Amino acid sequence: MKFGIIVFPGSNCDRDVATVTQGLLDLPTRMVWHQEKDLDDLDVIVIPGGFSYGDYLRCGAIARFASAMKSVVAHANKGKLVLGICNGFQILTEVGLLPGALIRNRDLHFICDRVSLRVERNDLPCTKSYSRGEVITLPIAHGEGRYYADEETLKVLEDNGQVFLRYCTQQGEIDVTGNPNGSLHNIAGITNQRGNVFGMMPHPERAADPILGPTDGRKMFEAISQ
Amino acid sequence: MHKYHSRIYVTLRPSVLDPAGTAVESGLKQLGYEGVEGVRIGKYMELTVAAASEDMARQQLAQMCDQLLANPTIENYSFELTAV
């Protein structure tokens with residue numbers, strides 16, 4: 001299983017992801033500059049967090065037009081895996097691989113914290129190492145992470161079970177107190193209908209090395225690599 | 001080819017919560033403007049485009065807005081054109 005990590009000008013979590021996939025899990029990994037086109041050697045593409053192209057206009061709006069993104073869309077259309085984390089999630093919505101948008105947090109603050117999340121599905125390539133309903137803890141770090149979609153889109157997401165991760169309380173309750181940014185339906189992570197493209201605001205790569213604290217994110221990369 | 005100067009307004013769709021607008025509204029109320037309501041913060045852009053006619057310029061601008069300048073999931077747009 002070979003990982004590729006897209007690097008845009010302004011990406012800042014690219015090496016963190018490589019530290020997990022290559023450094024901790026010893027998986028073949030290469031960094032993909034945003035101008036590259038040939039990504040055929042890759043099995044999994046990770047679009048990392050950061051501020052691609054300064055996030056000018058809207059988060060992810062400019063990154064969407066990078067050469068590498070055309071190949072990411074082609075990769076996804078073949079049914080291969082794509083994981084977008086934080087800015088990567090924003091880019092996936094801008095490019096249309098995932099529905100909805102990530103907008104300014106409810107309380108206007110940039111939030112840097114560890115939050116509780118409920119794993120809603122464990123039949124996906126990125127969540128199969130968790131149990132269904134398991135409450136995990138992952139870091140978040142974003143100013144524009146409030147998931148928004150119109151009612152119709154939300155209904156489709158819920159009816160198809162496309163929400164795989166929700167913000168929750170430590171006890172696993174899905175309510176407003178466990179919702180850090182005002183995301184509709186407490187959405188923290190969604191997948192496409194085919195189940196091969198994943199977008200999530202929390203940072204699993206920042207919770208993988210025991211030296212740095214909790215390691216709930218490591219299992220996500222282990223699951224993907226199996 | 002003619003050149004057209006365009007003023008583009010991008011606004012949040014009414015269904016999208018605008019917490020920054022709400023904060024500005026409360027600031028205005030604290031200044032004593034009690035009658036203020038419905039503050040929404042959007043974006044204003046200007047550009048000049050060359051096109052064979054005003055209709056062509058309008059078509060191009062609509063495409064630019066659909067493809068990049070606005071995100072139809074959360075935003076509406078409008079624009080005005082003047083020949084330069």
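Residues numbered from 1 in each chain as written. Chains lettered and ligands numbered in written order. Predicted model: local features only at pLDDT ≥ 70, side-chain atom pairs only at ≥ 80, totals over all residues. Heavy atoms only, no water.

## Section: the overall build of chain A
Along the backbone of chain A there are five helices and eleven strands. Taking 226 residues into account, the globule formula puts the C-alpha radius of gyration at 17 Å, and chain A, at 16 Å, falls close to it. Based on the C-alpha atoms only, the size of chain A along its principal axes is roughly 45 × 35 × 30 Å. Counting across all 226 residues of chain A, residues that qualify as buried make up 56%. A separation of at least 24 residues holds for 75% of the contacts in chain A among residues at least 6 apart in sequence. By element, 49% of the accessible surface of chain A is carried by carbon and sulfur atoms, the whole surface being about 9,000 Å². Distance between charge centres in chain A, computed from 23 positive and 27 negative side chains, equals 3 Å. (Helix = DSSP H or I, 4+ residues; strand = E, 2+ residues; numbered from the N terminus. Rg over C-alpha atoms; globule rule 2.2 N^0.38 Å. Buried < 20%, exposed > 50% of the residue type's maximum accessible area, 1.4 Å probe, protein only. Contact = heavy atoms within 4.5 Å. Areas by Shrake-Rupley, 256 points an atom, 1.4 Å probe, with all protein chains shown as cover. Lys, Arg positive; Asp, Glu negative; His and termini not counted. Charge placed at Lys NZ, Arg CZ, Asp CG, Glu CD.)

## With respect to the interface of chain A and chain B
Listed as interface residues are 17 residues of chain A and, on the opposing side, 17 residues of chain B. Three residues stand out in chain A for area buried against chain B, namely Leu-57, Arg-58 and Tyr-148 of chain A, and they jointly supply 42% of the buried area on that side. Inspection of the region where chain A meets chain B yields one salt bridge. A salt bridge links Glu-75 of chain B to Arg-58 of chain A; its shortest N-O distance comes to 3.7 Å. Scanning the region where chain A abuts chain B turns up seven residue pairs in polar contact (both at pLDDT 80 or more). If you list the elements that add at least two residues to the side of chain A that touches chain B, you get strand E5 (101-103) and strand E8 (146-148) of chain A. Partitioning the side of chain A that touches chain B into residue classes produces eight nonpolar, two polar and seven charged. (Buried area = accessible area lost by both parts, 1.4 Å probe. Salt bridge = Lys/Arg side-chain N within 4 Å of Asp/Glu carboxyl O. Polar contact = N/O pair within 3.5 Å; in protein donor to acceptor, adjacent residues only side chain to side chain. Nonpolar A, V, L, I, M, F, W, Y, C, P; charged D, E, K, R; others polar.)

## As for the pairing of strand E4 (residues 81-85) of chain A
Regular strands place side chains that alternate from one sheet face to the opposite one. Residues and elements named next belong to chain A. A large share of E4 lies buried, amounting to five of its five residues. Residues of E4 alternate between two faces, with Leu-81, Leu-83 and Ile-85 on one and Val-82 and Gly-84 on the opposite face, all of them buried. Here strand E3 (residues 44-47) runs beside E4; their pairing, made up of four bridges, is parallel. Looking across to E4, one finds that Ile-45 is bridged to Val-82. Note on the crossover from E3 through helix H2 (residues 67-77) to E4: the handedness is right-handed. (Pairing = 2+ DSSP bridges. Right-handed = clockwise from strand over helix to strand, strands pointing away.)

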